[in-house]
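Here is how the chains run, residue by residue.
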Amino acid sequence: MSGRRYLVLMGPPGAGKGTQASRVAEGGGLCKISTGDLLREAVAAGSELGRKAEQTMKAGELVSDDVILGLVDEVLDRPECAEGAVFDGFPRTVDQAAGLQELLTERGERLDQVLIIEVPEAEIVRRLSGRRVCKKCGKLYHISFDPSRKEGVCDACGGELVQRPDDQPETIARRLAVYGEETAPVREHYAATTGVTAIDGDQPIDAVTEAIRRELEPADAEG
Ligand code: AP5
Ligand code: MG
Ligand code: ZN
């Protein structure tokens with residue numbers, strides 16, 4: 001095995017996967033692979049893939065497994081992923097989990113750890129309805145829990161802060177249902193294979209980061 005590390009960060013919509021994946025990736029010299037971000041980039045670029053994915057995402061449904069696995073396959077070989085990756089919001093189906101296993105095996109790698117951020121549903125709705133995202137750099141904010149210094153303006157790049165089109169009440173409800181139907185079985189799959197570490201996500205952002213740090217297994221010494 002190489003010294004590379006591959007971590008999966010699971011959890012329902014709004015659990016804080018994106019927020020925490022950025023921190024974990026930065027702290028460990030890993031890249032963050034967020035399939036949601038990759039799809040939103042494709043939508044913004046107006047590519048064929050983006051045009052197809054846009055409606056699916058607005059409806060809160062899942063984009064097909066082969067499209068998602070194709071995206072991940074491509075990104076895994078980017079130079080910023082040379083030390084490994086934190087997956088955010090992927091895999092979301094049991095077939096995607098099997099696909100990930102194949103992509104890593106092809107590269108002589110394996111998945112090191114799966115963490116799941118747990119948050120009660122009422123809190124999820126509060127988080128998603130107040131979320132703002134920088135249009136330019138993608139940095140995440142929350143109007144009450146993690147506000148920018150100047151309203152509507154990104155601290156990091158000065159970009160405009162906007163709401164995600166799928167953060168509307170009906171779509172949030174559908175995303176939660178899809179999570180229960182399609183993604184909850186992924187937890188069972190990993191519980192029986194790699195193992196799953198549960199993280200209490202119902203605490204302030206820094207406390208969740210701390211909880212994750214405590215649970216992260218030390219990087220492989222050999223390799
Ligand atoms: P994706 O972008 O992955 O959305 P999601 O899973 O619904 O998760 P979110 O990004 O909404 O939440 P998050 O857990 O990242 O939370 P965040 O850190 O932002 O996917 C979007 C769509 O793309 C899917 O519906 C699907 O259509 C498609 N898709 C993506 N991946 C796919 C795949 N693999 N297969 C098929 N389709 C796929 O935090 C939320 C808010 O809360 C923020 O405002 C944040 O500031 C705040 N916050 C975070 N942590 C805390 C805390 N501890 N306390 C208080 N506030 C907090
Ligand atoms: Mg996210
Ligand atoms: Zn920005």
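This write-up is about the structure you can find in this document. Just so you know, these numbers come straight off a predicted model, no measurement behind them. (Residues numbered from 1 in each chain as written. Chains lettered and ligands numbered in written order. Predicted model: local features only at pLDDT ≥ 70, side-chain atom pairs only at ≥ 80, totals over all residues. Heavy atoms only, no water.)

**Some words on the coordination of the zinc ion (ligand 3)**
- Protein coordination at the zinc ion (ligand 3) comes from Cys134 (SG), Cys137 (SG), Cys154 (SG) and Cys157 (SG), with a distance range of 2.3 to 2.4 Å.
- Of note, the zinc ion (ligand 3) draws all its donor residues from one chain, in the sequence arrangement C-x2-C-x16-C-x2-C. (Donors = N, O, S within 2.8 Å, 3.2 Å for Na, K, Ca; no water.)

**A look at the site of ligand 1**
- Residues in close proximity to ligand 1 total 36 residues, the closest being Thr19, Glu61, Arg92, Arg131 and Arg175.
- Taken by itself ligand 1 offers 1,000 Å² of open surface, and the protein chains cover 97% of this.
- When residues of the shell around ligand 1 are traced back to their parent elements, those giving at least two are helix H1 (17–28), helix H2 (35–45), helix H6 (121–129), strand E6 (140–142) and helix H8 (205–215).
- With four residues, the top contributor of residues to the shell around ligand 1 is H2.
- Class assignment of the residues belonging to the shell around ligand 1 gives a composition of 16 nonpolar, 11 polar and nine charged. (Near = heavy atom within 4 Å. Areas by Shrake-Rupley, 256 points an atom, 1.4 Å probe, with all protein chains shown as cover. Helix = DSSP H or I, 4+ residues; strand = E, 2+ residues; numbered from the N terminus. Nonpolar A, V, L, I, M, F, W, Y, C, P; charged D, E, K, R; others polar.)

**A few points about the environment of Arg213**
- When you line up the elements, Arg213 lands in helix H8.
- With 186 residues separating them in the primary sequence, Arg213 and Gly27 have C-alpha atoms 9.3 Å apart.

**Brief notes about the sheet that holds strand E2 (residues 31–34)**
- The sheet built from five strands is open, its strands ordered E2-E3-E1-E4-E8 with parallel pairing. Bordering the open sheet on either side are E2 and strand E8 (197–200), each of which pairs with just one other strand. Strand-to-strand twist of the sheet, defined as the mean angle between neighbouring strand axes without regard to direction, takes the value 25 degrees.
- Where strand E1 (residues 5–10) meets strand E3 (residues 84–88), five bridges bridge the pair, whose relative direction is parallel. For Leu7, the partnering residue across the bridge sits in E3 and is Val86.
- Packing of H2 onto the sheet brings it into contact with E2 and E3, and relative to E2 it is tilted by some 70 degrees. (Pairing = 2+ DSSP bridges. Axes fitted to C-alpha atoms, helices over the stretch in contact; angles between N-to-C directions. Contact = heavy atoms within 4.5 Å.)

**Points about the state of the cysteines**
- Scanning all chains against the criterion turns up one disulfide.
- The residue that forms a disulfide with Cys31 is Cys81, at a sulfur-sulfur distance of 2.1 Å. A torsion of 100 degrees about the S-S bond marks the disulfide between Cys31 and Cys81 as right-handed. Linking Cys31 in strand E2 with Cys81 in the loop between helix H4 (65–75) and E3, this pair joins segments that are 50 residues apart in sequence. Like Cys81, Cys31 is buried. (Disulfide = S-S within 2.5 Å. Buried < 20%, exposed > 50% of the residue type's maximum accessible area, 1.4 Å probe, protein only.)

**Remarks on the nonpolar core**
- Core analysis: the biggest nonpolar cluster contains 30 residues, and Val8, Met10, Ile33, Phe87, Leu100, Leu111 and Tyr190 have the highest contact counts within it.
- Considering every element that reaches this core, the biggest residue donor is H4, with five residues.
- Those residues in contact with Met10 that sit more than four places away from it in its chain are Lys17, Val114, Leu115, Ile116, Ile117, Tyr179, Thr183, Val186, Arg187 and Tyr190.
- Leu9, Val24, Leu30 and Ala211 belong to the second-largest nonpolar core, a separate cluster that totals 19 residues. (Core = buried A, V, L, I, M, F, W, Y, C linked by side-chain atoms within 4.5 Å.)

**So, helix H7 (residues 169–191)**
- With 23 residues, H7 should reach 33 Å at 1.5 Å per residue; the first-to-last C-alpha distance of 31 Å fits that figure.
- Taken together, the buried positions of H7 are Thr171, Ile172, Arg175, Leu176, Val178, Tyr179, Thr183, Val186 and Tyr190.
- Residues of H7 that are buried make contact with E1, helix H3 (48–58), helix H5 (94–106), strand E4 (113–118), H6 and strand E5 (131–134). (Expected span 1.5 Å × (residues − 1).)

**So, the packing of aromatic side chains**
- Inspection of the entire model under this criterion finds one aromatic pair.
- Residues Phe87 and Phe90 carry aromatic rings whose centres are separated by 5.5 Å and whose planes lie at 55 degrees to one another, so their mutual orientation is tilted.
- Its relative accessible area of 0% is what places Phe87 among the buried residues.
- Given the relative accessible area of 1%, Phe90 is considered buried.
- For Lys139, the ring lying beneath its charged end belongs to Tyr141, and the centroid distance is 5.3 Å. (Phe/Tyr/Trp six-rings, centres within 6.5 Å; stacked < 30°, edge-to-face > 60°. Lys NZ or Arg CZ within 6 Å of the ring centre and 35° of its normal.)

What is shown is where atoms sit, not what they do.
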